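These are the residues of each chain, in order.
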Amino acid sequence: MNLFIIAGGTLAIPILAFLASFLLWPSALIKVYYWYWRRTLGLQVRFADCGGYRFCYSCRGKPGMRPSILMLHGFSAHKDTWLTVVKYLPKHLHIVCVDMPGHEGTTRTNMEDYSIDGQVQRIRQFVQTIRLNRKPFHLVGTAMGGNVAGVYAACFPSEVCSMTLICPDGIRHPCETKFDNHLQDLEHSNYTLSIPLIPTTPEEMEDMFRLCSHILQGLVDVRQPHNTFYQEEKQYALQEHLQQIKAPLQVIWGKQDQVVDVSGAAVISEMLPGCRVDLLENCGHSVVMEKPCRTAKLILDFIILQQNARSGTKKSC
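Residues numbered from 1 in each chain as written. Predicted model: local features only at pLDDT ≥ 70, side-chain atom pairs only at ≥ 80, totals over all residues. Heavy atoms only, no water.

In the annotation of an unreviewed UniProt entry, the entry for the protein chain reads Abhydrolase domain containing 6b, and the organism field reads Salarias fasciatus. Recorded in UniProt for the protein chain, the comment headed Sequence similarities (unreviewed entry) runs: "Belongs to the AB hydrolase superfamily." (UniProt positions renumbered as here; feature names shortened; annotations may be inferred.)

Here's what the structure looks like:
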């Protein structure tokens, strides 16, 4: 009986600790969750300092035969957004996931320019600091990160060997989404309306997931301290730079995207006829969360295809 009581008490302690953490500090559990998955996937968190500015990023592997992969997350997110996709990528690939300027562990200042062009310059600073551009790399960006990635490739073509844009922002898409309609209501209303991508309550977080996903207090606690910073004006820099992009381009989009309409894929393919477009069924804006395995496979297949094409060109010459 004593052994049974001791065993029960031993099991009860971690269970009660977990429940207490869940009820009292849900955001801490979210951070532990991300820490656990980074560790499981072999990702290491590092910092890069340059001129008083600090970048926070996670990485795995070393530069090798395949190009390195730099991954840029979306609006109000962070580097751990990519964990679901990294899980399905080969461990020998050199992968770098950076917190975008002003996000999570990367420096946030009130003076710096956080426009798309400003972020492009900061990402260039990061690339130079960690010497990622010693060899052309594959650039991946989703949503706002896709906007930044596209402009980066246009401005620094020699550094990008190929790229993948996932539901990229920055395109004047012909069809409007629920998110667009909500923003228009916000602009023309005399009342303070909530912005879907800047939740302040669990209910609003749930609404955000309904909006972004086709198929909540801890997440709110993680995001809420940053909401003022996240209120940025929408940019269309990507469309203005599309024709300057020289690197082979892959576009991945969820057909049920209600944040950035899928019609933007047609706009991109019309301006860059050689790009590859993959539209995913039963998928919304959060492609990396909804279809991580499919996304990883598409990215890897595209990288291999482009690398084989470059090798074939060299042999023919």
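(A) Representation of unusual backbone geometry. In the Ramachandran plot, Ser76 falls in the positive-phi region, its phi being about 65° despite a non-glycine side chain. Among the structural elements, Ser76 can be located in the loop between strand E3 (69-72) and helix H3 (83-86). In this structure, Arg131 is a non-glycine residue whose phi angle is positive, near 60°. (Helix = DSSP H or I, 4+ residues; strand = E, 2+ residues; numbered from the N terminus.)

(B) Structural context of helix H11 (residues 263-271). Turning to H11, its buried residues number three or more, namely Ser263, Gly264, Ala265, Val267 and Ile268. On its buried side, H11 packs onto helix H10 (237-241), strand E7 (249-254) and strand E8 (276-280). (Buried < 20%, exposed > 50% of the residue type's maximum accessible area, 1.4 Å probe, protein only. Contact = heavy atoms within 4.5 Å.)

(C) Structural detail: helix H5 (residues 144-155). When the terminal C-alpha atoms of H5 are compared, their 17 Å separation across twelve residues agrees well with the 16 Å that a helix rising 1.5 Å per residue should span. H5 sits mainly inside the fold: eleven of its twelve residues count as buried. Tucked inside the fold, the buried residues of H5 contact E3, helix H4 (116-129), strand E5 (137-142), strand E6 (160-166) and H10. (Expected span 1.5 Å × (residues − 1).)

(D) A look at a nonpolar patch on the surface. Nonpolar side chains collect at one region of the surface, where Val32, Trp35 and Tyr36 lie side by side and expose about 330 Å² of accessible area between them. With a relative accessible area of 45%, Tyr36 lands in the partly exposed category. (Patch = residues over 30% accessible without salt bridge, like charges linked within 9 Å, V, L, I, M, F, W, Y side chains within 5 Å. Areas by Shrake-Rupley, 256 points an atom, 1.4 Å probe, with all protein chains shown as cover. Salt bridge = Lys/Arg side-chain N within 4 Å of Asp/Glu carboxyl O.)

(E) Seen up close, the environment of Glu159. With respect to the helices and strands, Glu159 occurs in the loop between H5 and E6. Residue classification places Glu159 among the buried positions, given a relative accessible area of 7%. For the pair Glu159 and Leu139, spaced 20 residues apart in sequence, the C-alpha to C-alpha distance is 9.4 Å. Each residue touching Glu159, except ones within four places of it in the same chain, is listed here: Arg124, Val127, Asn133, Pro136, Phe137 and Tyr152.

(F) Quick look at the confidence of the model for the protein chain. Confidence in the prediction of the protein chain, expressed as mean pLDDT, is 81, and 69% of residues score 70 or more. Per-residue pLDDT stays below 50 along residues 214-224; that stretch engages in 34 contacts with residues further than four places along the chain or on separate chains. In the model, residues 229-234 has pLDDT below 50 throughout and makes 17 contacts with residues more than four positions away in sequence or in other chains. (pLDDT = per-residue confidence, 0-100.)

(G) Layout of the environment of Ile268. Of note, Ile268 is situated in helix H11. Counting along the chain gives 26 residues from Ile268 to Leu242, while the straight-line C-alpha distance between them is 7.4 Å.

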